[in-house]
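# Analysis of the macromolecular model
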Amino acid sequence: MYKYVAKYFIPSKVYKFCSLTAMPAFIIGMITFLLSSYFVIYSLPADAEQQEIYRILFIHVPSAILSELIYLFLAVNGFIYLVWRTKISAIFLNSAISIGLIFTAIVLISGSIWGKPTWGTYWVWDARITSTFILLIQYIGLIALRSSFSSRQTTDQILSIVSIIGAVNIPIIKFSVDWWNTLHQNASITTSGSAIDSEMLIGLPLMLASLLFLSFSIFARNIQFEILTRTAKTTAMKEIING
C-alpha cells in the first residue's frame, strides 16, 4: 500500500501538480472569500446581543480550525518522515509551518478584537487563549528551528520530533472549555445539534472553504520552493525547470 501511494509523491510529480493547481486554487479562494465576505457583512442581520461585532467569528472560527488542523498535518508528516524517511513528507512539513503561524496569529488578534466589547478586555489568560498562544509559540519555534542546523536531514528530524510532541496541545485547545472554567463558551456545533442560526451556518463553511483554497495555493508555492531548494540540481527537476 505504501509503495503504491509513494510513487505518486515523487518530488518532480508533486512539483508539476503544484504548478497546475496553485493559481486555480488562489482564484477560487479569492472569489469564494469575496462572496463569503459580502454575505456575512451585508446579508446577515446583526446579532441580538453582540450586534455587529459578532461578524468577526466568520474569520476567527475558520482560522482557529485551520491553525489546529495544520499542526496535526505537521505531526502526521513528521511521523511519516521518521518512520519511512520520505523526502516529500519533510517538504510538506516545512511548507505548512508558516501558514499555520499566520492562522494562529489571526485567531489571537481577531479574538482580542472580539473580546474587548464582549468581555471588556482584549486579553485574559484563560485556558483556551493560553493554549492557543502556546500554539503560536510552537509555530515560531518550528520556524526558528528550520535555520538552526547546517544539515537539512538533522533539521527535518528535529522538526518532525518537535511537531509530534507538540501535537499534544491540540486536544488541550479543543477541550479546554470543557476541562476548565473559561470565558469561552462551549462548542456551538456538536453532534446533537447547533446553537447557531441556520443563516450563519451558511457563512462559516463558505469562509472555511475560501481559506482552505487560499491556504492550498500558498502551500503549493511553498512546496515548489522547497523542492527547488532541495532537488534543483537533479536531472528530473532540471528537465521540468527548463521545460
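Residues numbered from 1 in each chain as written. Predicted model: local features only at pLDDT ≥ 70, side-chain atom pairs only at ≥ 80, totals over all residues. Heavy atoms only, no water.

## Some words on the overall build of the protein
Worth spelling out the cut-off: Going along the chain from the N terminus, every DSSP run of H or I of four or more residues is numbered as a helix, and every run of E of two or more is numbered as a strand. Under the scheme applied here, a residue whose accessible area is under 20% of the maximum for its type counts as buried, over 50% as exposed, and between as partly exposed, the area being computed with a 1.4 Å probe on protein chains only. The contact definition used throughout considers only heavy atoms, calling two residues in contact when any of these lie within 4.5 Å.
In terms of helices and strands, the protein carries nine helices and two strands. Each helix and strand of the protein, placed in order from N terminus to C terminus, yields the pattern α-α-α-α-α-α-α-β-β-α-α. When the 243 residues of the protein are sorted by exposure, 39% land in the buried category. Put simply, 76% of the contacts in the protein that link residues at least 6 apart link residues at least 24 apart.

## Description of the environment of Ala167
Here Ala167 shows up in the loop between helix H6 (152-166) and helix H7 (169-179). Accessibility expressed as a relative area gives 15% for Ala167, which makes it buried. Each C-alpha atom of the pair Ala167 and Leu72 lies 6.3 Å from the other, and the pair is 95 residues apart in sequence.

## Things to note about the pattern of salt bridges
The line we're drawing: What counts as a salt bridge is simple: a side-chain nitrogen of Lys or Arg found within 4 Å of a carboxyl oxygen of Asp or Glu.
In this structure the tally under the stated criterion is four salt bridges. Here Arg55 ties to Glu52 by a salt bridge, and the two come within 2.6 Å at their closest N and O atoms. Of the charged contacts in the structure, one is a salt bridge between Arg230 and Asp156, with a shortest N-O distance of 2.9 Å. With Arg230 in helix H8 (residues 198-231) and Asp156 in helix H6, this residue pair connects regions lying 74 residues apart in the sequence. Each member of the pair, Arg230 together with Asp156, is buried. Through salt bridges with shared partners, one network takes in Arg146, Asp156, Glu226 and Arg230.

## Considerations on H7
Rules: Relevant arc is that of directions from the helix axis to the C-beta atoms, nothing else.
Residues of H7 that are buried: Asn169, Ile170, Ile173, Ser176 and Val177. For H7, the arc enclosing every buried residue in end-on projection is 150°, short of the 170-degree limit, so these residues lie on one face. In this structure, the buried residues of H7 make contact with helix H3 (57-84), helix H5 (127-146) and H6.

## Focus on the nonpolar core
Threshold: Side-chain atoms within 4.5 Å are what join buried Ala, Val, Leu, Ile, Met, Phe, Trp, Tyr and Cys residues into a set we call a nonpolar core.
Val14, Tyr71, Leu74, Ile97, Tyr139, Ile223 and Ile227 are the most contacted members of the largest nonpolar core, which totals 30 residues. Counting only elements with at least two residues in this core, the list comes to helix H2 (11-43), H3, helix H4 (87-119), H5, H7 and H8. Element by element, the count of residues in this core is highest for H4, at eight residues. With residues up to four places along the chain from it excluded, the contact list for Tyr71 reads Leu135, Gln138, Tyr139, Leu142, Val162, Ser163, Gly166, Ala167 and Ile170. Counting nine residues, the second largest nonpolar core, distinct from the first, contains Val40, Phe58, Trp114 and Leu204.

## Regarding a nonpolar patch on the surface
In plain terms, the rule: A patch is a set of surface residues, each over 30% in relative accessible area and not in a salt bridge, joined within 9 Å for like charges and within 5 Å for the nonpolar side chains Val, Leu, Ile, Met, Phe, Trp and Tyr. To measure how exposed things are, a 1.4 Å probe is used in the Shrake-Rupley method; for residues, cover is taken only from the protein chains shown.
Nonpolar side chains collect at one region of the surface, where Met23, Phe26, Ile27, Ile31 and Leu35 lie side by side and expose about 480 Å² of accessible area between them. Checked against the element boundaries, Phe26 lands in helix H2.

## Re the packing of aromatic side chains
This is how the line gets drawn: Paired rings are identified among Phe, Tyr and Trp, the last through its six-membered ring, by centres lying within 6.5 Å, and are further divided according to the angle between planes into stacked (under 30 degrees), edge-to-face (over 60) and tilted (the rest). When the NZ atom of lysine or the CZ atom of arginine is within 6 Å of a ring's centre and also within 35 degrees of its normal, the charge is said to sit over that ring.
Enumeration over the complete set of coordinates arrives at 13 aromatic pairs. Ring geometry for Trp125 and Phe133: centres 5.6 Å apart, planes at 85°, overall edge-to-face. The exposure class assigned to Trp125 is exposed, which follows from its relative accessible area of 57%. Classification of Phe133 by relative accessible area gives partly exposed; the value is 29%. Following the ring pairs from residue to residue traces out a cluster consisting of Phe9, Phe73, Phe92 and Phe219. Seen from the ring of Tyr81, Arg85 lies directly overhead, with NZ or CZ sitting 5.5 Å from the centre.

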